[in-house]
Amino acid sequence: MSKQQEKRPLLEARDVSEVFGGLKAVSDFNFHINKGELVGLIGPNGAGKTTVFNLFTGVYQPTTGEIRLDGRSLTGKRPYQITQMGIARTFQNIRLFSELTVLDNVKIAFHNHVKYNVLEAVLRVGRYYAEEERIEAQSLRLLDIFHLKDKAGELAKNLPYGAQRRLEIARALAAGPKLLLLDEPAAGMNPQETQELMEMIRWIRKEFGLTVLLIEHDMSLVMGICERIYVLEYGMVIASGTPEEVQKDPEVIRAYLGGE
Amino acid sequence: MFKGMKYLRKNDAIMLGFAIVLFAVLQGLVTGRVLSSFWQLNVLIIGINIIMAVSLNLINGYTGQFSLGHAGFMAVGAYVGVVLTTNFHAPFVVALLAGGAAAAFLGVLIGIPTLRLSGDYLAIATLGLGEIIRIVIMNIEYVGGAAGFKGIPHLTNLAWVFWVTVIALFFIKNFVNAQPGRACLAIRENEIAAESMGVNTTKYKVMAFAIGAGFAGIAGGLFAHCFYLISPASFTFMASFNYLIMVVMGGMGSITGSIAGAFVVTFLSAALASWPEFRMIIYALALIFLMFYRPQGLFGYMEITNMGPFRKIFGRPQAQKLKGGKADE
């Protein structure tokens, strides 16, 4: 624990609040995640978990407080700039490019890693062919990891639900992030699929040297793979710590099971 | 023989070969006086309309930004072009490029504020802007005002129209099949997800808008030099609407569709020119039936290169076929 505190966290939020009209969606939110960690963010419906993700990815700007990635402030940055800085995400309500092929969905996420310009693309000269080949090979490799390679030519909208969730993760990885944010990756999956997903998250974290933050309702998944957990309720952190600590916390038990 | 992505180069060669054959046939028909002068003009208009439809498709179909002011950009290209050739005796190619550049520049200028809007709001804003361009031209005495610009040299011929159309088609085909075009498609499909994948959505919307406007400007230059006189009345809202019909009829997001749409619409209105009273009725009925039975347009998102027998010619080499469904250009 002391060793972790010496290092500068990869992502850090200090006293962040987000106010929508009269509603305080997130208040006095303090958070950090170190390089290589796998952290969970849990809480009852409407606790503000997705709002936190939207703050981290620049979809919302914090009303007060500051968020820093690798020591650089994210204030005023647009989502695409934050992606370029190294945060990629998936969405709770799947947001694939549904009329495009599975392969193209992944290719698009390589956007910031393509090394030819518009002129080379239009004239098909210079680095165009080599780069297209590289992107395609890398995309297919990612699809292979997520067992989607034999669906590469299919339209994304025609994939079954679980496969769409996996494609979202593959697409986020293609953006080349340091920090991966997964918003309810197991939503709608059956226990066996959830189990496979856990294995996959563990594996990609090691393979790509990633730091992962995930929102999840499935307690077996959260308790099974997260090293640390933050519990949100009404936009405030009511508990944080290891899964064992959090499970025993009376505040958390009250929030989930109700109390006096 | 064609390793990796190089089969695309083979496809480009086949298409270019086809274009040369088609040009030879058309030129033969014109030189041999098989086509009457009325139909000769309509062949030129079909080519110009293909450029208009394909460039509008880049904005509306591929990037998903509903623009209704395309004739405005055409007018800018037309007037810049005729001023340069008539008053300054500039070479035709310079006039065309200058017209295209002026329209593209205006596209950037207009695009930056208006592309913040979406859907219906953008449609109304671009409709208004198209009208503003027309009315501004109408009030410039130097270009003849409402009476029109007279004494334009007749510089447009089949070769110019045909090869500029081929260039426009290749440009837009290559654009949409590369990373910038994929970024535009991503914006159409889901703007929030596109932004989250690192796509600067404003930049690519403005880029698509500027390219579309630029080609509309070039088409305007070609159009103006078909006639002795042009007037702002050629570039009304109805003209913009006509190009939109070509795009919707052919299929939003299909280059083949835009070619087909431009051909069908132009051919129909030329063929029905002798019965003006039935023209609009037939036109409207055709659209209603199309929307009933094929709302995605004649081609939807499909290109001719991945349909039926053409897949064998233009498809990927067998060794690297993708599994599941269709893929690629």
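Each remark here, short or long, concerns the structure printed above.
Before going into details, it helps to say that this report is about the structure given with it.

Definitions and limits used
- Residues numbered from 1 in each chain as written.
- Chains lettered and ligands numbered in written order.
- Predicted model: local features only at pLDDT ≥ 70, side-chain atom pairs only at ≥ 80, totals over all residues.
- Helix = DSSP H or I, 4+ residues; strand = E, 2+ residues; numbered from the N terminus.
- Rg over C-alpha atoms; globule rule 2.2 N^0.38 Å.
- Buried ≥ 20, exposed ≤ 12 C-beta atoms within 10 Å, placed from the backbone.
- Contact = placed C-beta atoms within 7 Å.
- Nonpolar A, V, L, I, M, F, W, Y, C, P; charged D, E, K, R; others polar.
- Core = buried A, V, L, I, M, F, W, Y, C linked by C-beta atoms within 7 Å.
- Pairing = 2+ DSSP bridges.
- Axes fitted to C-alpha atoms, helices over the stretch in contact; angles between N-to-C directions.
- Parallel < 35°, antiparallel > 145°, perpendicular 65-115°, else oblique.
- Left-handed = near helix turned anticlockwise from the far one by under 90°.
- Expected span 1.5 Å × (residues − 1).

Another point: the overall build of chain A. The helix and strand tally for chain A stands at 11 helices and 10 strands. What you see for chain A is a C-alpha radius of gyration of 19 Å, in line with the 18 Å of a compact globule of 260 residues. With the C-alpha coordinates aligned to their principal axes, the bounding extent of chain A is approximately 70 × 40 × 40 Å. Looking at chain A as a whole, 45% of its 260 residues qualify as buried. Long-range pairs, those at least 24 residues apart, make up 64% of the contacts in chain A between residues at least 6 apart in sequence.

As a further point, take the interface of chain A and chain B. Tallying the contact residues gives 37 residues for chain A and 30 residues for chain B. Only helix 3 (79–85), helix 4 (102–109), helix 5 (118–123) and helix 6 (128–145) of chain A provide two or more residues apiece to the side of chain A that touches chain B. Ranked by residues supplied to the side of chain A that touches chain B, first place goes to helix 4 of chain A with 5 residues. Each residue belonging to the side of chain A that touches chain B can be placed in one class, and the counts come to 17 nonpolar, 8 polar and 12 charged.

Turning next to the nonpolar core. Core analysis: the biggest nonpolar cluster contains 164 residues, and A:Ala170, A:Val231, B:Ile51, B:Met74 and B:Ala219 have the highest contact counts within it. The greatest single-element share of this core, amounting to 15 residues, is contributed by helix 9 (residues 201–224) of chain B. The contact partners of B:Ile51, leaving out residues within four places of it in the chain, are B:Val164, B:Thr165, B:Ala168, B:Phe215, B:Ile218 and B:Ala219.

Residues and elements named next belong to chain A. Within strand 7 (residues 179–183), 5 of the 5 residues are buried, which leaves it mostly tucked inside the rest of the structure. Burial of the side chains of strand 7 extends over both faces: Leu179, Leu181 and Asp183 are buried on one face and Leu180 and Leu182 on the other. Where strand 6 (residues 87–89) meets strand 7, 3 bridges bridge the pair, whose relative direction is parallel. Along strand 7, the bridge assignment pairs Arg89 with Leu181. By the bridge criterion, 5 bridges tie strand 7 to strand 8 (residues 211–215) in an arrangement that is parallel.

For the rest of this paragraph, the subject is the environment of B:Gly72. Among the secondary structure elements, B:Gly72 is positioned in helix 3 (residues 70–88). In sequence terms B:Gly72 and B:Leu16 are 56 residues apart; their C-alpha atoms lie 31 Å from each other.

With that settled, consider the packing of helix 10 (residues 237–250) of chain B against helix 11 (residues 255–271) of chain B. Residues and elements named next belong to chain B. Axis separation between helix 10 and helix 11 bottoms out at 7 Å; the angle between their running directions is 125°. Classed by the angle they form, the pair helix 10 and helix 11 counts as oblique. Remark: the crossing between helix 10 and helix 11 carries right-handed chirality. Across the interface between the two elements, Asn242, Ile245, Met246, Val247, Met249 and Gly250 of helix 10 pack against Gly257, Ser258, Ala260, Gly261, Ala262, Val264 and Val265 of helix 11. Among the residues making up the contact of helix 10 with helix 11, the classes are represented as 8 nonpolar, 5 polar and no charged.

On to the pairing of strand 1 (residues 11–20) of chain A, then. Residue and element names in this part refer to chain A. Bridge analysis of strand 1 against strand 2 (residues 23–33) gives 7 bridges, and the strand direction is antiparallel. When the bridges of strand 2 are listed, Glu18 appears paired with Val26. In this structure, the hairpin formed by strand 1 and strand 2 is closed by a connection of 2 residues, where Gly21 is found at a positive phi of approximately 60°.

The next thing to look at is helix 10 of chain B. Residues and elements named next belong to chain B. Taking 1.5 Å of rise per residue, 14 residues should cover 20 Å, and helix 10 covers 20 Å from first to last C-alpha, within 8% of that figure. Burial in helix 10 covers these residues: Ser240, Asn242, Tyr243, Leu244, Met246, Val247, Val248, Met249 and Gly250. Along its buried surface, helix 10 packs onto helix 2 (37–62), helix 3, helix 5 (119–138), helix 11 and helix 12 (276–293). Downstream of helix 10 by a residue or two, Gly251 has a phi angle that is positive, lying close to 125°.

Residues and elements named next belong to chain A. Strand order in the open sheet formed by 6 strands is 6-7-8-3-9-10, and the pairing between neighbours is mixed. Each of the sheet's edge strands pairs with one partner strand only, and the pair in question is strand 6 and strand 10 (236–241). Between one strand axis and the next, the sheet turns through 20° on average, direction left out of account. Packed on one face of the sheet, helix 11 (residues 250–257) meets strand 9 (228–233) and strand 10 and runs near 125° to strand 10.

Now for the sheet that holds strand 4 (residues 64–69) of chain A. All names here are of chain A. What the 4 strands build is an open sheet, ordered 2-1-4-5; its pairing is antiparallel. Among the strands making up the open sheet, the edge pair consists of strand 2 and strand 5 (72–73). Across 2 bridges, strand 4 lies against strand 5 in antiparallel orientation. Bridge pairing in strand 5 links Arg68 to Ser73. The strands that helix 2 (residues 49–56) touches are strand 1, strand 2 and strand 4; relative to strand 2, the one it contacts most, it runs at about 65°.

The subject of this paragraph is helix 11 of chain B. Taking 1.5 Å per residue, 17 residues should reach 24 Å; helix 11 of chain B reaches 24 Å between its end C-alpha atoms and fits that length. Along helix 11 of chain B, the positions that sit buried rather than exposed are B:Ile255, B:Thr256, B:Gly257, B:Ser258, B:Ile259, B:Ala260, B:Gly261, B:Ala262, B:Val265 and B:Thr266.

Moving on, we come to unusual backbone geometry. Residues and elements named next belong to chain A. Backbone geometry at Asp15 places phi at a positive 50°, although glycine is not the residue there. Examined against the element boundaries, Asp15 turns out to sit in strand 1. Accessibility expressed as a C-beta count within 10 Å gives 12 for Asp15, which makes it exposed. Phi at Asp28 takes a positive value of approximately 45°, unusual for a residue other than glycine. On the secondary structure map, Asp28 appears in strand 2.

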